[in-house]
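Coordinates in review
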Amino acid sequence: MTTLLSADALRVARALAGLSQRDAAAKAEVTQKAVWIAENTDQFGKSTNIKLRALYEALGIEFLGTIDLSTGISAGIGARWRMPPQLPVQHTAASDFHSERVGIAFGAARALLNKNQAHVAQRASLGQRKIGQLESGTSVEQSSLARLRAFYEQENIEFLGWGDVTSDLFYGVGVRWKQPPPTEKLG
């Protein structure tokens, strides 16, 4: 049984991959409209979903989350770059896994919320240009970075990944909806 991905997970994967809807459509051999529908509604075609999933997984992205089979409720939905089992000892070993110089995927967080930069800028009390700079990694101004991260965390988004201080590279970078705390079972 193939589990279909949620619109949230598909948006995050595309943001992590740095693809436009047009580029994702071309690479997955579907229409741009099909990508838009898959990323914005629960009314997506199985074929489109499977093709997009295959594309993103081939790029090195893994999908996260759990589904309670008795209730159908999903939790922790998101995506991240596949991580090595341990930090690479040499930089050549890192080539098998995607790495980044910035360990926070602000663009993917915004994709998970399904909001535009203007909306996030207003809600986070930052300029829209600053949002773009933080998403692209061209700004590392600590106060703006902390403010934007706090905004997303208040919106129930969890940032993922870990870094290697010797190479200054980050692995497994991604985002997901925060998992609700486990409920205690009586008995």
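This text goes with the structure placed above it.
Just so you know, these numbers come straight off a predicted model, no measurement behind them. (Residues numbered from 1 in each chain as written. Predicted model: local features only at pLDDT ≥ 70, side-chain atom pairs only at ≥ 80, totals over all residues. Heavy atoms only, no water.)

Before going further, it helps to examine the nonpolar core. In terms of nonpolar packing, the biggest core is built from 43 residues, with Tyr56, Leu148, Tyr152 and Val175 touching the most fellow members. Leave out the neighbours within four places in its chain, and Tyr56 touches Leu10, Ala13, Arg14, Leu19, Ala24, Glu39, Ile61 and Phe63. (Core = buried A, V, L, I, M, F, W, Y, C linked by side-chain atoms within 4.5 Å. Buried < 20%, exposed > 50% of the residue type's maximum accessible area, 1.4 Å probe, protein only. Contact = heavy atoms within 4.5 Å.)

In this structure, the largest pocket occupies an estimated 380 Å³ of space. Every residue lining the largest pocket is counted, 22 residues in all, and those nearest its centre are Ala15, Leu16, Phe106, Gly107 and Ala108. For the lining of the largest pocket, the secondary structure elements donating two or more residues are helix H1 (7-17), helix H3 (32-40), helix H5 (106-113) and helix H7 (128-136). Per element, the largest residue contribution to the lining of the largest pocket is five residues, and it comes from H5. (1 Å grid on protein atoms, 1.4 Å probe; cavity = no way out; pocket = protein on both sides within 12 Å on 5 of 7 lines; lining within 4 Å. Points joined across faces, edges and corners; volume = space filled by probe spheres on them. Helix = DSSP H or I, 4+ residues; strand = E, 2+ residues; numbered from the N terminus.)

With respect to the helices, strands and loops of the structure, Asp42 is situated in the loop between H3 and helix H4 (46-59). Classification of Asp42 by relative accessible area gives exposed; the value is 68%. Separated by 38 residues in sequence, Asp42 and Leu4 have C-alpha atoms that sit 10.0 Å apart.

Relative to strand S2 (residues 74-81), strand S1 (residues 61-67) runs antiparallel, the two being bridged by six bridges. Counterpart to Ile67 in the pairing with S2 is Ser74. What sits between S1 and S2 in their antiparallel hairpin is a turn of six residues, with Gly72 showing a positive phi close to 80°. (Pairing = 2+ DSSP bridges.)

The next point concerns the packing of H1 against H5. Between H1 and H5, whose axes approach to 8 Å, the crossing angle comes to 155°. Classed by the angle they form, the pair H1 and H5 counts as roughly antiparallel. As for how H1 packs across H5, the hand of that crossing is right-handed. Residue-level inspection shows Asp8, Arg11, Val12, Ala15 and Leu16 of H1 in contact with H5, the latter providing Gly107, Ala108, Ala111 and Leu112. Across the contact of H1 with H5, the residue classes tally to six nonpolar, one polar and two charged. (Axes fitted to C-alpha atoms, helices over the stretch in contact; angles between N-to-C directions. Parallel < 35°, antiparallel > 145°, perpendicular 65-115°, else oblique. Left-handed = near helix turned anticlockwise from the far one by under 90°. Nonpolar A, V, L, I, M, F, W, Y, C, P; charged D, E, K, R; others polar.)

This brings us to the environment of Glu155. Relative to the assigned elements, Glu155 resides in the loop between helix H8 (142-154) and strand S4 (157-164). You can call Glu155 partly exposed: its relative accessible area is 23%. Counting along the chain gives 46 residues from Glu155 to Ala109, while the straight-line C-alpha distance between them is 9.6 Å. Once residues lying within four places of it in the same chain are set aside, the contact partners of Glu155 are Leu113, Arg123 and Trp177. At 2.9 Å, the side chain of Glu155 forms a polar contact with the side chain of Arg123. (Polar contact = N/O pair within 3.5 Å; in protein donor to acceptor, adjacent residues only side chain to side chain.)

Here we come to the packing of H1 against H4. In contact at an axis separation of 10 Å, H1 and H4 are set at 35° when each is read in the N-to-C sense. For the pair H1 and H4, the crossing hand works out as left-handed. When H1 is examined against H4, the residues Leu10, Ala13, Arg14 and Ala17 are found in contact with a partner set consisting of Asn49, Leu52, Tyr56 and Leu59.

All buried positions along H7 are accounted for by Lys130, Ile131 and Leu134. Down the axis, H7 shows its buried residues gathered within 105° of arc, on one side only. Opposite the buried face of H7, at more than 90 degrees from it, the exposed residues are Arg129 and Ser136. Where H7 is buried, its residues touch H5, helix H6 (117-124) and H8. Backbone geometry just after H7 places Gly137 at a positive phi near 80°. (Arc of directions from axis to C-beta.)

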